[in-house]
Amino acid sequence: MIPKKVQDALNNQLNEEMFSSYSYLAMAAYFESNDLSGFASWFKVQSTEEYAHAMKIFDYLHQVGGKVMLKDIKPPKVNWKAHLDVFKEMFAAEQKVTNSINSIVELANKEKDYATNNFMQWFVSEQVEEEATAQKLLKRMEMVGNNAAGLLMMDRELGMRAAQQH
């Protein structure tokens with residue numbers, strides 16, 4: 001049986017993953033409304049990935065006899081002053097998720113919940129990739145700035161991203 005503190009932390013993380021999915025969908029809408037469909041497509045795929053992360057936690061809680069407690073998802077930001085600001089927000093959000101995941105691992109260890117510690121290792125590895133990608137895209141957007149040709153090149157490149165199975 002999963003310790004209550006760990007169950008609560010996982011439910012909070014499930015909510016964070018759902019919020020991340022919602023946030024990335026808002027970012028996709030922002031880029032779509034700015035005629036950057038490649039950026040929009042990339043963020044839609046990212047939204048789907050975050051939803052899949054939430055479902056991993058949902059399924060795990062049931063698998064270990066825990067209880068899923070769904071919470072309200074706060075509305076995400078929907079407007080940004082500049083395209084670069086979206087990427088700054090994305091990087092900060094991924095750093096926040098990393099800290100949250102690390103806290104769950106720490107709690108699982110403290111509670112001697114080795115199954116959850118093992119389960120969370122996938123998320124630890126995933127966050128290394130998520131932060132690296134967010135940082136790379138942020139740096140590239142800083143280089144591009146508002147240069148139309150650069151934005152169009154990135155739009156085309158990001159539009160080629162396909163959904164991945166997690």
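Please read all numbers here as calculations on a predicted model, not as lab measurements.

Conventions and cut-offs
Residues numbered from 1 in each chain as written. Predicted model: local features only at pLDDT ≥ 70, side-chain atom pairs only at ≥ 80, totals over all residues. Heavy atoms only, no water. Patch = residues over 30% accessible without salt bridge, like charges linked within 9 Å, V, L, I, M, F, W, Y side chains within 5 Å. Areas by Shrake-Rupley, 256 points an atom, 1.4 Å probe, with all protein chains shown as cover. Salt bridge = Lys/Arg side-chain N within 4 Å of Asp/Glu carboxyl O. Helix = DSSP H or I, 4+ residues; strand = E, 2+ residues; numbered from the N terminus. Buried < 20%, exposed > 50% of the residue type's maximum accessible area, 1.4 Å probe, protein only. Core = buried A, V, L, I, M, F, W, Y, C linked by side-chain atoms within 4.5 Å. Contact = heavy atoms within 4.5 Å. Lys, Arg positive; Asp, Glu negative; His and termini not counted. Axes fitted to C-alpha atoms, helices over the stretch in contact; angles between N-to-C directions. Parallel < 35°, antiparallel > 145°, perpendicular 65-115°, else oblique. Left-handed = near helix turned anticlockwise from the far one by under 90°. Nonpolar A, V, L, I, M, F, W, Y, C, P; charged D, E, K, R; others polar.

Caption draft 1: Structural context of a nonpolar patch on the surface. Together, Tyr-22, Leu-25 and Ile-73 make up an exposed nonpolar region whose accessible area comes to about 270 Å². On the secondary structure map, Tyr-22 appears in helix α1 (residues 4–33). Taking relative accessible area as the criterion, Tyr-22 reaches 42% and is therefore assigned partly exposed.

Caption draft 2: Quick look at the nonpolar core. The biggest cluster of nonpolar side chains holds 24 residues, and the ones touching the most others in it are Phe-31, Phe-39, Phe-43, Val-86, Phe-87 and Met-90. Taken together, the elements giving at least two residues each to this core come down to α1, α2 (37–63), α3 (83–110), α4 (114–144) and α5 (148–158). Among the elements that make up this core, the one with the highest residue count is α1 (6 residues). Once residues lying within four places of it in the same chain are set aside, the contact partners of Met-90 are Tyr-24, Met-27, Trp-42, Phe-43, Ala-134 and Leu-137. In terms of nonpolar packing, the next biggest core, distinct from the first, is built from 18 residues, Val-6, Ile-57, Ile-101 and Met-120 among them.

Caption draft 3: Fine view of the side chain of Glu-50. Within the secondary structure, Glu-50 is located in helix α2. There is no salt bridge for the buried Glu-50, and the closest opposite charge comes from Arg-161, which lies 7.4 Å off by N-O distance. Residue contacts for Glu-50: discarding those within four places in its chain leaves Glu-17, Ser-20, Ser-21, Tyr-24, Glu-94 and Glu-130.

Caption draft 4: Structural context of the packing of α2 against α4. Axis separation between α2 and α4 bottoms out at 12 Å; the angle between their running directions is 165 degrees. Judged on the interaxial angle alone, α4 and α2 are roughly antiparallel. The hand of the α2/α4 crossing is left-handed. Residues Phe-39, Trp-42, Gln-46, Glu-49, Glu-50, His-53, Lys-56, Ile-57 and Tyr-60 of α2 lie in contact with α4, whose contacting residues are Ala-115, Thr-116, Phe-119, Trp-122, Phe-123, Glu-126, Glu-130, Thr-133, Leu-137 and Met-141. Class assignment of the residues belonging to the contact of α2 with α4 gives a composition of 10 nonpolar, 4 polar and 5 charged.

Caption draft 5: Geometry of the environment of Leu-10. Looking at the element boundaries, Leu-10 is found in helix α1. Sequence-wise, Leu-10 and Phe-58 are 48 residues apart; in three dimensions their C-alpha atoms are separated by 8.6 Å. Not counting residues within four places of it along the chain, the set of residues in contact with Leu-10 comprises Ile-2, Ile-57, Tyr-60, Leu-61, Ile-104, Thr-116 and Met-120.

Everything listed is a geometric property; what it means functionally is a separate question.
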